[in-house]
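Fold and geometry: a report
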Amino acid sequence: MYLAVFHCNIQFSLLESGRRCEIIKNSYLPLFTGLIDKNLKSNIALTGFTADYLRENSPECCVLLSEMVKRGITEILATPYAHSILPNYPPEHGVRSLQ
């Protein structure tokens with residue numbers, strides 16, 4: 001049985017791109033480390049954009065995720081490459097994203 005599903009979307013709620021590394025440092029790294037340290041089972045959903053961003057900007061997160069999968073305490077769940085929160089965008093952006 002898995003403890004929880006964590007949704008990692010570095011684009012969430014139009015987060016300013018300059019704050020992404022801060023979110024990784026203060027949220028993702030402690031979360032991943034804590035799950036490993038306590039051997040807690042979880043599912044982690046990553047957008048494709050987040051996976052690419054972590055690979056380029058936080059290789060330590062990728063190492064932790066790999067270790068979690070190796071230990072059998074985490075399943076990685078796939079989500080769309082970009083998973084925007086459409087109500088945060090002007091309506092024309094939402095329409096364009098559906099075309």
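Here's a quick rundown of the structure. (Residues numbered from 1 in each chain as written. Predicted model: local features only at pLDDT ≥ 70, side-chain atom pairs only at ≥ 80, totals over all residues. Heavy atoms only, no water.)

**Thoughts on the packing of aromatic side chains**
Summed over the entire model, instances satisfying the criterion amount to three aromatic pairs. Geometrically, the ring pair formed by F49 and Y53 is stacked, given 6.2 Å between the ring centres and 25° between the ring planes. One end of the pair, F49, and the other, Y53, are both in helix α2 (residues 48-57), four residues apart, so they sit about a helical turn from each other. Looking at Y53, the relative accessible area reads 13%, which means it is buried. Taking 6.3 Å as the distance between ring centres and 85° as the angle between the ring planes, the aromatic pair formed by F49 and Y81 counts as edge-to-face. Here the residue F49 occupies a position in helix α2, and Y81 occupies one in the loop between β3 (74-78) and α4 (91-98), the gap between them amounting to 32 residues. (Phe/Tyr/Trp six-rings, centres within 6.5 Å; stacked < 30°, edge-to-face > 60°. Helix = DSSP H or I, 4+ residues; strand = E, 2+ residues; numbered from the N terminus. Buried < 20%, exposed > 50% of the residue type's maximum accessible area, 1.4 Å probe, protein only.)

**A few points about the packing of helix α1 (residues 20-38) against α2**
The geometry of a pair of packed helices is captured by two quantities: the angle between their axes and the separation between those axes. With their axes 12 Å apart at the nearest point, α1 and α2 run at an angle of 90° to one another. Judged on the interaxial angle alone, α2 and α1 are roughly perpendicular. Where α1 approaches α2, its residues R20, C21, I24 and Y28 are matched on the opposing element by F49, T50, Y53 and L54. Among the residues forming the contact of α1 with α2, the class breakdown is six nonpolar, one polar and one charged. (Axes fitted to C-alpha atoms, helices over the stretch in contact; angles between N-to-C directions. Parallel < 35°, antiparallel > 145°, perpendicular 65-115°, else oblique. Contact = heavy atoms within 4.5 Å. Nonpolar A, V, L, I, M, F, W, Y, C, P; charged D, E, K, R; others polar.)

**Comments concerning the sheet that holds strand β2 (residues 42-46)**
The parallel open sheet is built from three strands, whose spatial order is β1-β2-β3. The outermost strands of the open sheet, each flanked by one partner alone, are β1 (4-8) and β3. Within the sheet, the average angular offset between the axes of one strand and its neighbour, ignoring direction, is 25°. Summarising the sheet, β2 and β3 pair through five bridges and their orientation is parallel. Paired with S42 across the two strands is T74, which belongs to β3. (Pairing = 2+ DSSP bridges.)

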